[in-house]
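# Architecture at a glance
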Amino acid sequence: MQDLKGRTVRAGLINVGSRGLGFVIRILALMVLGRLLTPEDYGLVTMVTAFTGVLNMFGCFGLFQAAIQRDRLSDEESSSLFWLNLVFGGLLTLTALLAAPLVSAFYREPRLLAIMDVIAFTFVITAAGIQHGVLLQRRLSFGVSARVDIGALVIATAVSVGMAMAGYGYWAIVSMTITLPLATTIGLWLSTGWIPGRPRLVAGLSAMLRFGGGTTLTGFLSYVTINIDKLLLGRVWGTEATGLYSRAFYLVNFPTASLNTTIGEVAFAALSRTREDPDRLRRYFLKGYSLVVTLTLPLTVVCGLFADDLILVVLGPKWTSAVGIFRILAPTILVFAISSPLGWLLNALGLVRRGVQIGLFSAAFMVAGVLVGLPHGPHGVALAYSSVMVLKVIPVAVWALHGTGVRLRAFAGALASPLAACAFAAAVGYGVHGLCPPAWPPVLRLLLDMGSFGATYLVALLLIAGEKALYLDLFRAIRSRADQMA
């Protein structure tokens, strides 16, 4: 426990580095595939993944989080969890295969049948590697996890781009969904060297199932909240509208999701180890949350200010109809940065019931909002989705923090410095953008805009907003850890 801070910082840096590399790979793949494939191709696959994603929430029945949250985990318990995960994965694969005709009929699109039959096997493939991933996270072995993730992503991206270049259309996207979990699972098995024992029931299993059931229900409600827009949009407006919306949503969401996952994996493991020490847990949580909002807030502003050039550079000219959708969805980047850390805290403290209650509230609110925006097409759905996300963030934060030992003032105060720095940087960046001649290539304008914004934000954050102490503390922890390893 004494070395937890150093191990957490080191694990976080490894995770940030690997996710950063993964981010670059995904952006490059997005740029290539966006020019080779059409909105209709993405719309077809999105229609399927909107349904299979619901099933994926039940993939390990929350046993991943339950296993990490426990103070001790025996080899017998790990083996039992492995076989349970495999059973759940197999059942979900069978469910998806049986549901494929219904999904195809729901959208009135026969091509979805074959797509869903292939994607269905991702459940059992993913399940086979879940417990191996648990073992790595419990050891804070994020360096090994990073190598596995990056290797799998490179393989899956190469296969997908190769198929797109060969003219396979939407099957290039499908290949990514199956190749990525397959390569990841193989990598986890090879990295850990752990072989599960025979199936058996162990004493602690029922407690983990209860915890996992709660987190699964919370995850399911969260998934409904995030994806109900795409599901209904596909049913009413068809493949092209769904493709435009889903790519805009993905481009807004995946940098934030990657960042939240990067810090969240480390933060959840660390918070679970400190839940018996309220003061320490509070400090760890607030530092992790401060880091997330400091890194995420500039993404929100950049996506809102420079949406036109971002879409042109990343996706290409055939996606210009997605610019308005992209800009409307930009505020949700910050909302996810505020709300995701609340999930780490609730799960680490075992407040699963509260998470379920918040999920029910959010899902009901979102479904109502999307139904209001649905008659107005993808732009109406985007406006409804973004509005609901912004309106619910304050009541959800108050609800989640109640009785946790984390004060709302401290939680809200973490936004003050990056918000002030962002406002100043936005004024500078927008001014530079206005001076750029329209005849300049979009990539050159974007580099200049983001460069001026980023440099101003960094200077304002460190020198004006007074955030230097946080990063000096992180630097000292990193240097201390390096000295111990020397």
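Rules behind the numbers
- Residues numbered from 1 in each chain as written.
- Predicted model: local features only at pLDDT ≥ 70, side-chain atom pairs only at ≥ 80, totals over all residues.
- Heavy atoms only, no water.
- Core = buried A, V, L, I, M, F, W, Y, C linked by side-chain atoms within 4.5 Å.
- Buried < 20%, exposed > 50% of the residue type's maximum accessible area, 1.4 Å probe, protein only.
- Helix = DSSP H or I, 4+ residues; strand = E, 2+ residues; numbered from the N terminus.
- Salt bridge = Lys/Arg side-chain N within 4 Å of Asp/Glu carboxyl O.
- pLDDT = per-residue confidence, 0-100.
- Contact = heavy atoms within 4.5 Å.
- Patch = residues over 30% accessible without salt bridge, like charges linked within 9 Å, V, L, I, M, F, W, Y side chains within 5 Å.
- Areas by Shrake-Rupley, 256 points an atom, 1.4 Å probe, with all protein chains shown as cover.
- Axes fitted to C-alpha atoms, helices over the stretch in contact; angles between N-to-C directions.
- Parallel < 35°, antiparallel > 145°, perpendicular 65-115°, else oblique.
- Left-handed = near helix turned anticlockwise from the far one by under 90°.
- Nonpolar A, V, L, I, M, F, W, Y, C, P; charged D, E, K, R; others polar.

Bringing the nonpolar core into the picture now. Counting residues in each nonpolar core, the largest one holds 101 residues, and the members touching the most others are Tyr 245, Phe 285, Phe 326 and Tyr 385. The element best represented in this core is helix α9 (residues 205-273), accounting for 12 residues.

Attention shifts here to the pattern of salt bridges. Throughout the structure, instances matching the rule amount to 5 salt bridges. Where Glu 40 meets Arg 111, a salt bridge forms, and the shortest distance between an N and an O atom there is 3.0 Å. You can see Glu 40 sitting in helix α2 (residues 39-56) and its partner Arg 111 sitting in the loop between α4 (75-107) and α5 (112-119), a full 71 residues away along the chain. Across the pair Arg 445 and Asp 309 runs a salt bridge whose closest N-O atoms are separated by 2.6 Å.

Predicted coordinates in areas of low pLDDT are best not read in detail. Of all residues in the chain, 80% have pLDDT values of 70 or greater, and the mean over the chain is 82. When mean pLDDT is compared element by element in the chain, α5 scores highest at 95, while helix α19 (residues 468-485) scores lowest at 51. Low pLDDT (under 50) marks residues 481-486, which in the prediction has 6 contacts with non-local residues, meaning those over four places away or in another chain.

On the surface, Trp 440, Val 443, Leu 444, Leu 447 and Leu 448 cluster together into a nonpolar patch covering about 450 Å² of accessible area. Along the chain, Leu 444 falls in helix α18 (residues 442-464). With relative accessibility at 41%, the residue Leu 444 sits in the partly exposed group.

Two numbers describe how helix α14 (residues 352-373) lies on helix α15 (residues 377-401): the axes approach to 8 Å, and their chain directions differ by 155°. As far as their axial angle goes, α15 and α14 are roughly antiparallel. Of the two possible hands of crossing, α14 and α15 adopt the one that is right-handed. Here the residues of the contact of α14 with α15 are counted per class, giving 15 nonpolar, 6 polar and 2 charged.

For the rest of this paragraph, the subject is the environment of Val 396. Position of Val 396 relative to the elements: it lies in helix α15. Taking the C-alpha atoms as reference points, Val 396 and Ser 339, separated by 57 residues in sequence, lie 7.8 Å from one another. Each residue touching Val 396, except ones within four places of it in the same chain, is listed here: Leu 342, Ile 358, Phe 361 and Ser 362.

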